[in-house]
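Residue-level structural notes
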Amino acid sequence: MSSPELSKKVFALNTGHTVPAIGLGTWQSKPGEVEKAVEAALRSGYRHIDTAAAYGNEAEVGAGIRASGVPRAEIFLTTKLHNQWHTRVSEALGQSLQKLQTTYVDLYLIHWPCATDPNDSTKVVPDWDYVQTWVEMQKLLETGKVKSIGVSNFGISHLERLLHHPSCRVAPAVNQIELHPNRPSPKLVAYNTAKGIHSTAYSCLGSTGSPLYQNQALLDLAQAKGRSVQQVLIRWGLQKGWSVIPKSVNADRIRDNLAVDGWELTGGEMAAIDAIPQRFKVCDGSFLPPVMHDKIFYGDDE
Ligand SMILES: NC(=O)c1ccc[n+]([C@@H]2O[C@H](COP(=O)([O-])OP(=O)(O)OC[C@H]3O[C@@H](n4cnc5c(N)ncnc54)[C@H](OP(=O)(O)O)[C@@H]3O)[C@@H](O)[C@H]2O)c1
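About the thresholds
Residues numbered from 1 in each chain as written. Predicted model: local features only at pLDDT ≥ 70, side-chain atom pairs only at ≥ 80, totals over all residues. Helix = DSSP H or I, 4+ residues; strand = E, 2+ residues; numbered from the N terminus. Rg over C-alpha atoms; globule rule 2.2 N^0.38 Å. Buried ≥ 20, exposed ≤ 12 C-beta atoms within 10 Å, placed from the backbone. Contact = placed C-beta atoms within 7 Å. Near = placed C-beta within 6 Å. Nonpolar A, V, L, I, M, F, W, Y, C, P; charged D, E, K, R; others polar. UniProt positions renumbered as here; feature names shortened; annotations may be inferred. Pairing = 2+ DSSP bridges. Right-handed = clockwise from strand over helix to strand, strands pointing away. Axes fitted to C-alpha atoms, helices over the stretch in contact; angles between N-to-C directions. Parallel < 35°, antiparallel > 145°, perpendicular 65-115°, else oblique. Left-handed = near helix turned anticlockwise from the far one by under 90°. Core = buried A, V, L, I, M, F, W, Y, C linked by C-beta atoms within 7 Å. Arc of directions from axis to C-beta.

1. Points about the overall build of the protein chain
Looking only at helices and strands, one finds eleven helices and twelve strands in the protein chain. Relative to the 2.2 N^0.38 estimate, which gives 19 Å for 302 residues, the radius of gyration of the protein chain is 18 Å and therefore close to what a compact globule would have. Overall, the C-alpha framework of the protein chain stretches about 55 × 45 × 35 Å when taken along its three principal axes. The buried share of the protein chain, taken over its 302 residues, is 45%. Contacts in the protein chain between residues at least 24 apart in sequence constitute 75% of all its contacts with a sequence separation of at least 6.

What follows is the structure, encoded as structure tokens:
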């Protein structure tokens, strides 16, 4: 039986740190919107903010944190290594910290298992792969500039190779992956869990223009519960056991997305969402070098 009070829940990481169950996503938030969204989220009670160098908004995220007045120590801040910086991990982190106006991040993720050429994002860096990147990530733990390190968009085959490599001293704390009812990835989630890797759900609402917002099963369930589809999706993810990072730039929606306490989805309601048959992927990798596409995108069975 899951706890009905989830807005303040934290999940334990394999590093001894904890991650708040709900965070604010910031991808595709337009310039000028992110600072206000981050400030609104922190003022509403969020304590987890997700950004990335690739989003180009770390400076605004940092400004939003400052504007909120919430002490840095109370906030779990995640950012990610850009594909074009795999060979310069320490330098990349330094730039992120400077933009975020902070001395450390709580979680630093390899954004994709793909090192692209610093000068040409259509090409991969020859003779370099994510295991070498992970070796550099591990070194950051000794600097105090990261509390935990992890990965994103890693499939089982990537993790198998990484975890069995002799240079892997520290398992990733988190694998941040696309997770929603149209992309539930049960095998990958089970694999993460078996290896002590926490799963965080990105695009947990189905992202911009989400088809889930028109899904009749979800609309009927939301109406029956007196909740929004978004709240149902967030609650479903939390009850599945992963953290969620819904994105919004609207202060009312940001607040509403945190309203997941005092009610829950029954086993039957969870099963009904699990049974939604359609499959859909937000991040299709079209921006990655073509040579990497097949190597990164794992099958639907995951
Ligand atoms: N690691 C990765 O590769 C990766 C990839 C994708 C995403 N992410 C992270 O995950 C976060 C979330 O994913 P996402 O941005 O793709 O999308 P999402 O959170 O699944 O969905 C965001 C969309 O839902 C809308 N929305 C949010 N709350 C709503 C509400 N209560 N009512 C109606 N509409 C609502 C938002 O519009 P408004 O903003 O207008 O409210 C936006 O259009 C990202 O922002 C990013 O931080 C990571």
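2. Some words on the site of the ligand
In the vicinity of the ligand lie 30 residues, with G25, W27, L205, S207 and K247 positioned nearest. Split by residue class, the shell around the ligand holds nine nonpolar, 17 polar and four charged.

3. A closer look at the UniProt feature "domain: NADP-dependent oxidoreductase" (unreviewed entry) in the protein chain
Under the UniProt annotation, "domain: NADP-dependent oxidoreductase" (unreviewed entry) lies at residues 22–276. Helix makes up 39% of residues 22–276 and strand 17%, whereas the separation of the span's terminal C-alpha atoms amounts to 23 Å.

4. Let's talk about the pairing of strand β5 (residues 76–81)
Within β5, six of the six residues are buried, which leaves the element mostly enclosed by the surrounding structure. Both strand β4 (residues 48–50) and β5 contribute to a ladder of three bridges, which runs parallel. When the sheet's bridge partners are listed, D50 is paired in β5 with T78. Where β5 lies against strand β6 (residues 105–110), four bridges are found, and the strand directions are parallel. Looking at the pairing, L81 lines up with I110 of β6. In terms of handedness, the path from β5 via helix α3 (residues 89–100) over to β6 forms a crossover that is right-handed.

5. Examining the environment of R253
Of note, R253 is situated in helix α9 (residues 251–256). Residues R253 and G64 lie 189 residues apart in sequence; the distance between their C-alpha atoms is 17 Å.

6. A look at the packing of helix α4 (residues 130–140) against helix α5 (residues 156–164)
Remark: α4 packs on α5, axes separated minimally by 10 Å, with the N-to-C direction vectors making an angle of 55 degrees. When the axes of α4 and α5 are compared, the pair comes out oblique. The interaxial crossing formed by α4 with α5 has right-handed handedness. Across the interface between the two elements, Y130, V131 and W134 from α4 touch H158, R161 and L162 from α5. Looking at the contact of α4 with α5 residue by residue, the class counts come to four nonpolar, one polar and one charged.

7. Re the sheet that holds strand β12 (residues 243–244)
What the eight strands build is an open sheet, ordered β3-β4-β5-β6-β9-β10-β11-β12; its pairing is parallel. Edge strands, defined here as strands with exactly one partner in the open sheet, are β3 (24–25) and β12.

8. Focus on the environment of N83
With respect to the helices, strands and loops of the structure, N83 is situated in the loop between β5 and α3. For N83, a count of 25 C-beta atoms within 10 Å puts it in the buried group. The sequence separation of N83 and L212 amounts to 129 residues, and the corresponding C-alpha distance is 29 Å. What N83 contacts, discounting residues up to four positions off in sequence, is H111, W112, C114, A115 and T116.

9. Thoughts on the UniProt feature "site: Lowers pKa of active site Tyr" (unreviewed entry) in the protein chain
Per the UniProt record, the feature "site: Lowers pKa of active site Tyr" (unreviewed entry) sits at K80. Mapping K80 onto the fold places it in strand β5.

10. Examining the nonpolar core
In this structure, L24, V38, A41, L81, Y108, C204 and V244 are the most contacted members of the largest nonpolar core, which totals 67 residues. With six residues, helix α1 (residues 34–44) is the largest single contributor of residues to this core. With sequence-adjacent residues up to four places away left out, V244 is seen in contact with I22, A201, C204, I234, G237 and L238. Residues W112, C114, V124 and L288 belong to the second largest nonpolar core, which totals five residues.

11. Topic: helix α6 (residues 186–194)
Of all the positions in α6, only L188, V189 and N192 are classed as buried. What you see down the axis of α6 is that its buried residues fit within an arc of 100 degrees, all on one side. Away from its buried face, by an angle of more than 90 degrees, α6 presents the exposed residues P186 and A194. Tucked inside the fold, the buried residues of α6 contact α5, β10 (174–178) and β11 (198–202).

12. Remarks on unusual backbone geometry
For residues other than glycine, phi is negative in most cases, and the peptide bonds are mostly trans. One non-glycine residue with positive phi stands out, namely D127, at about 60 degrees. Take D127: it is sitting in the loop between β8 (120–124) and α4. Looking at D127, the number of C-beta atoms within 10 Å reads 7, which means it is exposed. Unusually for a residue other than glycine, S203 sits at a positive phi of about 50 degrees. In this fold, S203 is placed in the loop between β11 and α7 (216–225). Among the residues examined, S203 registers 25 C-beta atoms within 10 Å and is labelled buried.

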